[in-house]
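Geometric and topological summary
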Amino acid sequence: MATNQDTTQQGFTDAEKAAMKERAAEVRTPKKRMTKAEKAAADVQAVLDKIASFSGTDKTLAERIHRIVTTAAPQLAPKLWYGMVAYALDGKVLCFFQDAAKFDARYATFGFNDVAALDDGTLWPTSFAVTGLDEAQEQFLAELVARAATR
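These figures come from a predicted structure and were not determined experimentally. (Residues numbered from 1 in each chain as written. Predicted model: local features only at pLDDT ≥ 70, side-chain atom pairs only at ≥ 80, totals over all residues. Heavy atoms only, no water.)

Some points on the confidence of the model for the protein chain
Fine structural detail should not be taken from predicted coordinates in areas where pLDDT scores are low. Convention followed: pLDDT is a per-residue confidence score from the predictor, ranging from 0 to 100. Whether two residues touch is decided by their heavy atoms; if any such pair falls within 4.5 Å, the residues are in contact.
On average, residues of the protein chain score 91 in pLDDT, and 91% of them reach the 70 mark or higher. Scored below 50 in pLDDT, residues 1-7 makes 0 contacts in the model with residues more than four places away or belonging to other chains.

Comments concerning the pattern of salt bridges
How we decide: One speaks of a salt bridge when a side-chain nitrogen belonging to Lys or Arg is within 4 Å of a carboxyl oxygen belonging to Asp or Glu. Segments assigned H or I by DSSP are reported as helices when at least four residues long, segments assigned E as strands when at least two residues long, and all are numbered from the N terminus.
For the structure shown, the criterion picks out 3 salt bridges. Note that lysine 39 is salt-bridged to aspartate 43, the shortest N-O span being 2.7 Å. Residue lysine 39 and its partner aspartate 43 are located together in helix H2 (residues 36-53), separated by 4 residues, close to a single helical turn. The salt bridge involving glutamate 138 is made with arginine 67; its shortest N-O contact spans 3.1 Å. A residue pair is termed long-range when its members are at least 10 positions apart, and glutamate 138 in helix H4 (residues 135-149) and arginine 67 in helix H3 (residues 56-72) qualify at 71 residues.

Some remarks on the pairing of strand S3 (residues 92-98)
Our working rule: Exposure classes here rest on a 1.4 Å probe applied to the protein chains alone. A residue is buried below 20% of its type maximum, exposed above 50%, and partly exposed in between. Two strands pair under a simple rule: DSSP has to find at least two bridges between them.
The buried fraction of S3 is high, at 6 of 7 residues. Bridge count between strand S2 (residues 84-89) and S3: 5 bridges; the pairing is antiparallel. In the sheet register, alanine 88 faces S3, and the bridge partner there is valine 93. Counting the residues between successive antiparallel strands, the hairpin from S2 to S3 contains 2 residues, one of them, aspartate 90, with a positive phi of roughly 55°. By the bridge criterion, 4 bridges tie S3 to strand S4 (residues 108-112) in an arrangement that is antiparallel.

Examining the pairing of S4
With 5 of 5 residues buried, S4 is to be regarded as a mostly interior element. What you see with S4 is no split at all: Ala108, Phe110 and Phe112 on one side and Thr109 and Gly111 on the other are buried throughout. Sheet topology places S4 next to strand S5 (residues 127-130); 4 bridges connect them, and they run antiparallel. For threonine 109, the partnering residue across the bridge sits in S5 and is alanine 129.

Following this line, the structure appears as structure tokens:
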């Protein structure tokens, strides 16, 4: 009997496994003795270090998106999330940047989680493929981020 299941899939890819390991390391990072301000500073530094580790277009886009998000919604807290640059509101990841190299993709992705509540009728985008940004696109993303952060 034939099935629709792909029998060649043997579980998680190496990139997916690496992302899960990064998330486990993020959760395990000892922060017990840190003040809230020290933890926030460490999270910001981890994001800046992550962005600095990117190369080429991924690095340029991550720097621009970091500037857009931190300017449009300074109340968001930068942090790493599954090894990706992310921004949280009240401890929940609101939006994130996934570099193209992470999963050997054609393009980087800027996305929003459901906490963003960007609902627009019964259909709306939650992530964008990003290969470049012009001023109008930067403004569009800034407006989305600001709207999402003021739920």
